[in-house]
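Chain by chain, the residues run as shown.
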Amino acid sequence: MPTREAALVRAVLDEYGEIASRGIEQYLDRARNAEHLGPLLADYPSRGGRSLRASLCIAAARAFGAPLNDAVKSAVSLELLHNAFLVHDDIEDDSEERRRLPALHVLHGVPTALNVGDGLAVLSLGPLIDNHATLGPRVAHGVFREAHRMAQESVEGQALELAWRHKNDVQVTSEDYFRMVLKKTCWYTTIYPCRVGAMIGHRRDISHEGFVRFGFLLGAAFQIQDDVLNLAGDHGRYGKELGGDIREGKRTLMLIHLLHSAPPAVRSELHALLALPRRRRGDDEVAWVQGLMRRHGSIEHAKNAANQLAGAAAFEFGIAFREAPRSRDRDFIEALPHWILERA
Amino acid sequence: MKKRSRPKKPPPERVRPVRDFGTLFGEEKPSAEEVSKGKRAKSSAQAPVADAYRVIDDYLRQGRRAAENLWTPLGNLAGAGEPSLLTERFLRGAADLSSAWFDMLQTLSPAEGQRDAPTAPGAFDAGKRQASSVPRKNGAASSLHVEIALQSVRLAQVTVDVFPGQHDSPVSLSILHATDAKTPPLTGVEVQSLGKASAVRVVLRVPEAQPPGRYHGVLLAGPERRPCGSLTLELLEE
């Protein structure tokens, strides 16, 4: 990725991330005095992160002509909901780390962490209500409707993934995987920020399917790259335990590829391994699966898929954002497919 | 004499440029397994993209089908066993049809008082001006016609949204509240009838001292003051 584009993505993420963080703090302040809850609500948001979702939302709105302030509350709401999802995801996945620190349920126990996740989800409604003052009732209502759909799609996607693990489903195909990723990851990471941003910029409802296509392909590339980094990334920068997805039995594109390309005897062993409780899949088992993935080309397959999907996203960008005039924000969004592939 | 065959160029491998998004970020790398077998990774790498497009196309198709079913005035009659459901669908269909008819007439014949007036909200120069405009409408299912008469020294933009449904009661407008609670509301609002309940002119008189910003009001129908639309006035900085 050319240095200029990489620098632009970093600069915009820093700038809009900072704006979103300040907005988040305002809402956290309102709950600061809640006994046994206030400080815990601030834990995950204070651990940093790239604020990709918030930045994409603000950039999309500005690309279509909205003033900065019009999109901030929607971006803040999304980041709060994202943190709520993270708390609950960590419990559901039994993850040990989040952003290089112990996960919330590891620090405070599952019941407290569940309540903190609920608290963050409730807190995320505040900015959507406050949107009425900034955007007026019609656009604010439209954003709220989009948020409702996004949340619904996300939990449906999470349900699919949990069910595959719970039933130890080894018949999952890559189409099933994309259906799950569309709902679980893409809607709230990329589709919703683009659609809401465009809605705020245009000041009308968005029926344009281009944002769904672009958001889906970008989000799918993002998720696959994330899964690759979980196996082969830099722990310090990735922020979670490496190999965690194998330990958790997650149906990643790599695991699905392996399950479909390994000989029957190996597949049976894998099936048996995935049926074990998480704590029984230790370092040796993770290393064995990683070795199999390397031998069968599953990691290269996923990297190539992410590459291709990012290329497809770049293609769809031209359609979705054809009405947006050239601007720094438009350039930022255009550079995202490249950036997704190159993040460590 | 033996006829010699004329030498010909072999047919080209391709006759058009390769404009494949799959190669946008360069050639994909072969997997380890494929390297060992001496094969390229192209087919396996493109399969996920094809799968992804199939999934999103199917998803969007389902969405379109759901939207069409919602829109179809009488919907799927075979599936509607309940007489009350049939009646509701019939009424909704009739309402849609009459609204569409009204919209068509409105498009063909602009309302009285609108013909000589500028129609672009926000296009007012500084200095006292009076203008009227046809609002943007929320969907095609509304028959309320609203004209705007704006008196303002500031550049301004007015957006009116009429909620879907039939409007046959007298319409009023609440005062316009600023988004900033400290800013005084705009009270110079008046609704004039244009001869029938479903056609009104909203007069907005903006005092010179009114601070710039966004002001929102609600259009209210009938004595029960049922919300039937919203109006947003944006006073721009000089």
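Residues numbered from 1 in each chain as written. Chains lettered and ligands numbered in written order. Predicted model: local features only at pLDDT ≥ 70, side-chain atom pairs only at ≥ 80, totals over all residues. Heavy atoms only, no water.

1. Description of the confidence of the model for chain A
Item 1. The predicted model of chain A has a mean per-residue pLDDT of 91, with 95% of residues at 70 or higher.
Item 2. Ranking the helices and strands of chain A by mean pLDDT puts helix H7 (residues 110-123) of chain A first, with 97, and helix H11 (residues 235-238) of chain A last, with 58. (pLDDT = per-residue confidence, 0-100. Helix = DSSP H or I, 4+ residues; strand = E, 2+ residues; numbered from the N terminus.)

2. Observations regarding helix H5 (residues 68-93) of chain A
Residues and elements named next belong to chain A.
Item 1. Counted at 1.5 Å a residue, the expected span for H5 with its 26 residues is 38 Å, and the 36 Å between its end C-alpha atoms agrees.
Item 2. Among the 26 residues in H5, 22 count as buried, and that is most of the element.
Item 3. Downstream of H5 by one or two residues, Asp94 has phi in the positive range, about 55 degrees. (Expected span 1.5 Å × (residues − 1). Buried < 20%, exposed > 50% of the residue type's maximum accessible area, 1.4 Å probe, protein only.)

3. Quick notes on the interface of chain A and chain B
Item 1. Tallying the contact residues gives 43 residues for chain A and 33 residues for chain B.
Item 2. Roughly 3300 Å² of surface becomes buried between chain A and chain B when both sides are summed, with 59% attributable to carbon and sulfur atoms.
Item 3. For chain A, the biggest contributors to the area lost against chain B are Arg138, Arg213 and Gln308 of chain A; these three give 19% of the whole.
Item 4. The interface formed by chain A and chain B includes 4 salt bridges.
Item 5. Residue Arg213 of chain A is joined to Asp57 of chain B by a salt bridge in which the shortest nitrogen-to-oxygen separation is 2.7 Å.
Item 6. At the boundary of chain A and chain B, one finds 10 residue pairs in polar contact (both at pLDDT 80 or more).
Item 7. Within the residue set of the side of chain A that touches chain B, elements represented by two or more residues are helix H8 (125-166), helix H9 (174-202), helix H10 (210-232), helix H15 (283-295), helix H16 (298-320) and helix H17 (328-342) of chain A. (Contact = heavy atoms within 4.5 Å. Buried area = accessible area lost by both parts, 1.4 Å probe. Salt bridge = Lys/Arg side-chain N within 4 Å of Asp/Glu carboxyl O. Polar contact = N/O pair within 3.5 Å; in protein donor to acceptor, adjacent residues only side chain to side chain.)

4. Some remarks on the packing of helix H13 (residues 253-261) of chain A against helix H14 (residues 264-275) of chain A
All names here are of chain A.
Item 1. Contact geometry for H13 and H14: axes closest at 9 Å, N-to-C directions at 140 degrees. Considered as vectors, H13 and H14 are oriented oblique to each other. In this structure, H13 crosses over H14, and the sense of that crossing is left-handed. Each of Leu255, Leu258, Leu259 and His260 in H13 lies in contact with H14, whose residues at this interface are Arg267, Leu270 and Leu274. (Axes fitted to C-alpha atoms, helices over the stretch in contact; angles between N-to-C directions. Parallel < 35°, antiparallel > 145°, perpendicular 65-115°, else oblique. Left-handed = near helix turned anticlockwise from the far one by under 90°.)

5. Quick look at the pairing of strand E7 (residues 199-205) of chain B
Residue and element names in this part refer to chain B.
Item 1. Along E7, 5 of the 7 residues are buried, which leaves the element largely enclosed by surrounding structure.
Item 2. As defined by bridge partners, strand E2 (residues 145-151) adjoins E7 across 7 bridges and the pair is classed as parallel. Opposite Leu150, over in E7, you have Leu204 as the bridge partner.
Item 3. What sits between the antiparallel neighbours strand E6 (residues 189-196) and E7 is a turn of 2 residues. (Pairing = 2+ DSSP bridges.)

6. Some words on the packing of aromatic side chains
All names here are of chain A.
Item 1. Taken as a whole, this structure holds 9 aromatic pairs over all chains when the rule is applied.
Item 2. Ring centres of Phe64 and Phe321 lie 5.5 Å apart, and the angle between their planes is 25 degrees; on these two criteria the pair is classed as stacked. Taken as a pair, Phe64 in the loop between helix H4 (52-63) and H5 and Phe321 in the loop between H16 and H17 lie far apart in primary sequence, 257 residues in all. Like Phe64, the residue Phe321 is buried in the burial classification.
Item 3. Centroid distance Phe211 to Phe321: 5.4 Å. Interplanar angle 90 degrees. Geometry classified as edge-to-face. On the criterion of sequence distance, the pair formed by Phe211 in helix H10 and Phe321 in the loop between H16 and H17 is long-range, its members being 110 residues apart.
Item 4. A connected cluster of aromatic rings, assembled from ring pairs, spans Phe64, Phe211, Phe214, Phe317 and Phe321.
Item 5. Above the plane of the ring of Tyr188 lies Arg53, whose end atom (NZ or CZ) is 4.8 Å from the centre. (Phe/Tyr/Trp six-rings, centres within 6.5 Å; stacked < 30°, edge-to-face > 60°. Lys NZ or Arg CZ within 6 Å of the ring centre and 35° of its normal.)

7. A word on H13 of chain A
Three or four residues apart is the spacing at which side chains of an α-helix point the same way, because the helix has 3.6 residues per turn.
Residue and element names in this part refer to chain A.
Item 1. Judged by how many residues are buried, H13 sits mostly within the fold: 7 of 9 residues are covered.
Item 2. Turning to H13, its buried residues are Leu253, Met254, Leu255, Ile256, His257, Leu258 and Leu259.
Item 3. Elements that come into contact with the buried residues of H13 comprise H9, H10, H14, H15 and H16.

8. Points about the state of the cysteines
Residues and elements named next belong to chain A.
Item 1. For the coordinates displayed, the defined rule picks out 0 disulfides over all chains.
Item 2. The cysteine Cys57 is free of any disulfide, with Cys194 supplying the nearest cysteine sulfur at 8.9 Å.
Item 3. The class of Cys57 is buried, set by a relative accessible area of 0%. (Disulfide = S-S within 2.5 Å.)

9. Considerations on the environment of Pro170 of chain B
Residues and elements named next belong to chain B.
Item 1. Relative to the helices and strands, Pro170 is located in the loop between strand E3 (156-162) and strand E4 (171-173).
Item 2. With relative accessibility at 61%, the residue Pro170 sits in the exposed group.
Item 3. Taking the C-alpha atoms as reference, Pro170 lies 9.2 Å from Ala199; in sequence the two are 29 residues apart.
Item 4. Ignoring any residue separated from it by four or fewer positions in sequence, one finds Pro170 in contact with Ala197, Leu220, Ala221 and Gly222.

10. Digging into the nonpolar core
Item 1. Grouped together as the largest cluster of nonpolar side chains are 122 residues, with contacts concentrated most on Phe216, Ile224 and Phe321 of chain A.
Item 2. In terms of residues, this core owes the most to one element, H9 of chain A, which gives 15 residues.
Item 3. If we ignore the near neighbours within four places in the chain, the residues touching Phe216 of chain A are Phe178, Leu182, Cys186 and Ile191 of chain A together with Ala52, Val55 and Ile56 of chain B. (Core = buried A, V, L, I, M, F, W, Y, C linked by side-chain atoms within 4.5 Å.)

11. A short note on the environment of Gly48 of chain A
Item 1. If you trace the backbone, Gly48 of chain A turns up in the loop between helix H3 (43-46) and H4.
Item 2. With 51 residues separating them in the primary sequence, Gly48 of chain A and Arg99 of chain A have C-alpha atoms 7.6 Å apart.

12. Observations regarding a nonpolar patch on the surface
All names here are of chain A.
Item 1. On the surface, a nonpolar cluster with roughly 360 Å² of combined accessible area is contributed by Val122, Leu125, Ile129 and Phe144.
Item 2. Looking at the nonpolar patch, the element that brings in the most residues is H8, giving 3 residues.
Item 3. Along the chain, Leu125 falls in helix H8. (Patch = residues over 30% accessible without salt bridge, like charges linked within 9 Å, V, L, I, M, F, W, Y side chains within 5 Å. Areas by Shrake-Rupley, 256 points an atom, 1.4 Å probe, with all protein chains shown as cover.)

13. Looking at the packing of H8 of chain A against H9 of chain A
All names here are of chain A.
Item 1. Contact pair H8 / H9: the axes reach a minimum separation of 7 Å and the direction vectors enclose 170 degrees. Judged by the angle between their axes, H8 and H9 are roughly antiparallel.
Item 2. Of the residues contributing to the contact of H8 with H9, the split by class is 16 nonpolar, 4 polar and 9 charged. (Nonpolar A, V, L, I, M, F, W, Y, C, P; charged D, E, K, R; others polar.)

14. Some points on the confidence of the model for chain B
Residue and element names in this part refer to chain B.
Item 1. Mean pLDDT for chain B: 66, with 52% of residues reaching 70 or above.
Item 2. Across chain B, element-level confidence peaks in E7 with a mean pLDDT of 91 and bottoms out in strand E1 (residues 130-131) with 40.
Item 3. Contacts for the low-pLDDT stretch residues 26-45, under 50 throughout, to residues beyond four places or in other chains number 33 contacts.
Item 4. Predicted confidence is poor over residues 72-81, with pLDDT under 50, and the contacts of this stretch with residues over four places away or in other chains come to 12 contacts.
Item 5. This complex was scored by the predictor with a pTM of 0.67 and an ipTM of 0.83.

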